[in-house]
Amino acid sequence: MSPQPWTDSPPDDAAARGRAALTAWLAAQPTDLFADDAELRALVEAYGFEDRAPGLSAAGRAVAGPLDAAVRENNLHRNLPVLDDYDAVGNYRPRVSHHPSWREAGRIIYGTGIMAAYGEARRPHRYVLSLFYLTAQAGEAGHNCPLACAAGAIRVLQELGTPAQQARYLSPLLNPDFDQNFTASQFLTEVQGGSDVGANALIATPVERGRGAGSRWTLRGEKWFCSNVDADVYVITARVADPARGTAGLGLFLVPALRADGRPNRVHIRRLKDKLGTRSMASGELDLLDAEAEAIGPVDDGFKNVIQHVITTSRLYNATGCAAHARRAWVVASTYAQHRAAFGRPIGAFATVQETLAWMRADAAAMLAGSLWLAALAERQDAGALQPPEAAFFRVAVNLHKLRTAQLAHEAVNRGIEVLGGNGAIESFSVLPRLLRDNVVYENWEGTHNVLRAQVLRDCERYGVHEGFFAVLAGALPPEDWALLAADREAIQRLLLAPAPLRELGFRPLADRLATYVMRAAMAGVEALAGCAALTRRHLVALPLDEAYLALIGGLQR
Ligand SMILES: Cc1cc2nc3c(=O)[nH]c(=O)nc-3n(C[C@H](O)[C@H](O)[C@H](O)COP(=O)(O)OP(=O)(O)OC[C@H]3O[C@@H](n4cnc5c(N)ncnc54)[C@H](O)[C@@H]3O)c2cc1C
């Protein structure tokens, strides 16, 4: 065969050297994302669950190897989920058809035992979120959104399910075998609005007397955003009382895909959404045509229960997924900086590249630390062990953390793309474009930025939760932050007295600062995270550009 100049160039050729450097970068990707992650390992040790390291390491290897390959394959345009609608003779039989790589990814992700862990230990949130942080480094991957939904369904069933519901649904939801298990989804959003859940119009009609847990209802109406639309069980909000009652008139329901007698439930998938991100996962629009449903908890507590058990869980998953996006971006970019050369030097030798990489690494660690701290509080909340100030802190911090992690992850992935230069924008070159696209969705679902800020402000005004929030932070932050915290405490007290538009505008930058305190407090005392914590402080004050700063960013290089 005659040599092909574009592949068989002589070894001293510039193009061959450039390609060899890129090949070396590919070969330098870690094969175990847990072993590679000093920050995660330090946090696991600090929280004392090192006995779980084998499970985390297995997940870290699976994500870096077979999962990554399966998700990359699945996310190709030609392999995305499609809706098969009619059978051979024209009966409407909607079925989401997936490429085999989607099933392969599901086997790996559920096979880590991530949902099964909820059945092994009563309150395993830190371990579960550590696993999720690893699986989410492959992006949404077609299954990471459904995992968050399944976690919410499991938690709400464990807390509020009737014995019959627990017997029927928990065991398949906990099953790690993706070929046998149940997956779940959660549908709140309707076409008239997602943030304003109180505008939900889907109607629930009782089949029998009683409004208690497990009571039977039918649901009629539509849901506009239905991710994992082919799940085995849906968790759904629906109206049980006068629309004028807003969220207070919403019940929370479980809708199985199959009715008790095995026939399909009365739901109709209209179409799948053609999305910017999370494309491997099927999101559809759904009509419920008197679908059979059972109440989860008393229907009159529906909104309270969906927030406390379902949305709080998925916001924590979302934040952890964002930490994962940022970390993976750092892994890709930091290895690239070691292998790519420009102007005769590895690009990682340039101070500005080093600074970019250090910011990415520090922010990823800060996000992860914040998530695990909140997971620890969730465990204590489930045990009924939270003191009132801690409960107030948790309520505020989950929302701020969801907000800030989504922003920081967007920045981090974008910065990773910048480090890769033009190659960063190429879908076939690295995972980064997919992470960026997925992250845009993570920024908007589970509460948009504005809505999270509005909720925190409302909670501060109505319930004074900022008092508990600041009290917990004052006890957890290092002394160097105390004066800043005190100033911000006064700032929020002033803001709460300001007229509404100014209050809302003033809270935008303040919310980012408050979220930074949560992350810094979560890292305090973990020696291995000291450099990351120090650099995270740049979100509160400008750090002086001096030798110490150079040493700080130098210490955070790969
Ligand atoms: C790919 C994808 C999948 C999804 N899957 C699901 C799912 O499975 N289940 C589900 O229930 N939902 C799902 N969603 C919907 C998602 O949760 C909503 O899109 C989100 O909550 C925002 O609601 P909305 O789109 O109706 O925006 P709107 O509520 O119309 O908001 C529009 C804009 O107005 C702003 N805004 C709204 N209220 C205020 C306020 N009080 N103050 C200031 N600004 C405000 C918002 O911040 C936003 O910028 C999905 C969304 C996407 C993109």
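Conventions adopted
- Residues numbered from 1 in each chain as written.
- Predicted model: local features only at pLDDT ≥ 70, side-chain atom pairs only at ≥ 80, totals over all residues.
- Heavy atoms only, no water.
- Salt bridge = Lys/Arg side-chain N within 4 Å of Asp/Glu carboxyl O.
- Helix = DSSP H or I, 4+ residues; strand = E, 2+ residues; numbered from the N terminus.
- Buried < 20%, exposed > 50% of the residue type's maximum accessible area, 1.4 Å probe, protein only.
- Core = buried A, V, L, I, M, F, W, Y, C linked by side-chain atoms within 4.5 Å.
- Contact = heavy atoms within 4.5 Å.
- 1 Å grid on protein atoms, 1.4 Å probe; cavity = no way out; pocket = protein on both sides within 12 Å on 5 of 7 lines; lining within 4 Å.
- Points joined across faces, edges and corners; volume = space filled by probe spheres on them.
- Phe/Tyr/Trp six-rings, centres within 6.5 Å; stacked < 30°, edge-to-face > 60°.
- Lys NZ or Arg CZ within 6 Å of the ring centre and 35° of its normal.
- pLDDT = per-residue confidence, 0-100.
- Arc of directions from axis to C-beta.
- Polar contact = N/O pair within 3.5 Å; in protein donor to acceptor, adjacent residues only side chain to side chain.

Caption draft 1: Examining the pattern of salt bridges more closely. Taken as a whole and judged by the stated rule, the model has 37 salt bridges. For Arg513, the salt bridge goes to Asp488, with nearest N and O atoms at 2.8 Å. Of this pair, Arg513 sits in helix 16 (residues 500-523) while Asp488 sits in helix 15 (residues 482-497); the two residues are 25 residues apart in sequence, bridging distant segments of the chain. Grouping residues by exposure puts Arg513 and Asp488 together as buried. Here the residues in one salt-bridge network are Asp36, Asp37, Glu39, Arg327, Arg361 and Arg558, joined through shared partners.

Caption draft 2: Structural context of the nonpolar core. Ranked by internal contacts, the top residues of the largest apolar core, which has 148 residues, are Met115, Phe393, Leu400, Phe469 and Phe507. Of all the elements, helix 10 (residues 351-382) adds the most residues to this core, at 18 residues. Not counting residues within four places of it along the chain, the set of residues in contact with Leu400 comprises Val456, Phe469, Phe507, Ala511, Leu514 and Ala515. Counting residues in each nonpolar core, the second largest holds 24 residues, with Ile236, Val240, Val255 and Ala293 among its members.

Caption draft 3: Spotlight on empty space enclosed by the protein. One pass over the full model with this rule turns up three cavities of 30 Å³ or more. Its boundaries defined by the atoms lining it, the largest cavity holds a volume of some 110 Å³. In terms of lining, the largest cavity is formed by 14 residues, of which the most central are His125, Arg155, Thr313, Leu316 and Ala378. Only helix 6 (125-135), helix 9 (302-339) and helix 10 provide two or more residues apiece to the lining of the largest cavity. Looking at the lining of the largest cavity, the element that brings in the most residues is helix 9, giving six residues.

Caption draft 4: Region of interest: the packing of aromatic side chains. Applying the stated criterion across every chain yields a total of 14 aromatic pairs. Relative to Phe393, the ring of Trp373 lies with its centre 4.8 Å away and its plane at 45°, an arrangement referred to as tilted. Within this pair, whereas Trp373 is found in helix 10, its partner Phe393 is found in helix 11 (residues 388-419), the two being separated by 20 residues in sequence. The exposure class assigned to Phe393 is buried, which follows from its relative accessible area of 0%. Ring centres 5.6 Å apart and planes at 40° place the aromatic pair Tyr442 and Trp445 in the tilted group. Its relative accessible area of 19% is what places Trp445 among the buried residues. Taken together, the ring pairs connect Trp373, Phe393, Phe469 and Phe470 into an aromatic cluster. The lysine or arginine in question, Arg52, covers the ring of Tyr127, its NZ or CZ lying 3.9 Å from the ring centre. In this arrangement the basic side chain of Lys273 is found over the ring face of Phe225, its NZ or CZ atom lying 4.4 Å from the centre.

Caption draft 5: Main features of the confidence of the model for the chain. Per-residue confidence for the chain gives a mean pLDDT of 96, with 97% of residues at or over 70. On the interface metric, ipTM, the complex scores 0.99, and its pTM is 0.97.

Caption draft 6: How the structure looks around helix 18 (residues 547-555). Those residues of helix 18 that sit buried are Tyr549, Leu552 and Ile553. Along helix 18, the residues classed as buried sweep out an arc of 90° about the axis, all on the same side. Opposite the buried face of helix 18, by more than 90 degrees, sit the exposed residues Glu547, Ala548, Ala551 and Gly555. The elements touched by buried residues of helix 18 are helix 10 and helix 17 (530-536). The N-cap residue of helix 18 is Asp546: its side-chain oxygen and the backbone nitrogen of Ala548 are 3.2 Å apart.

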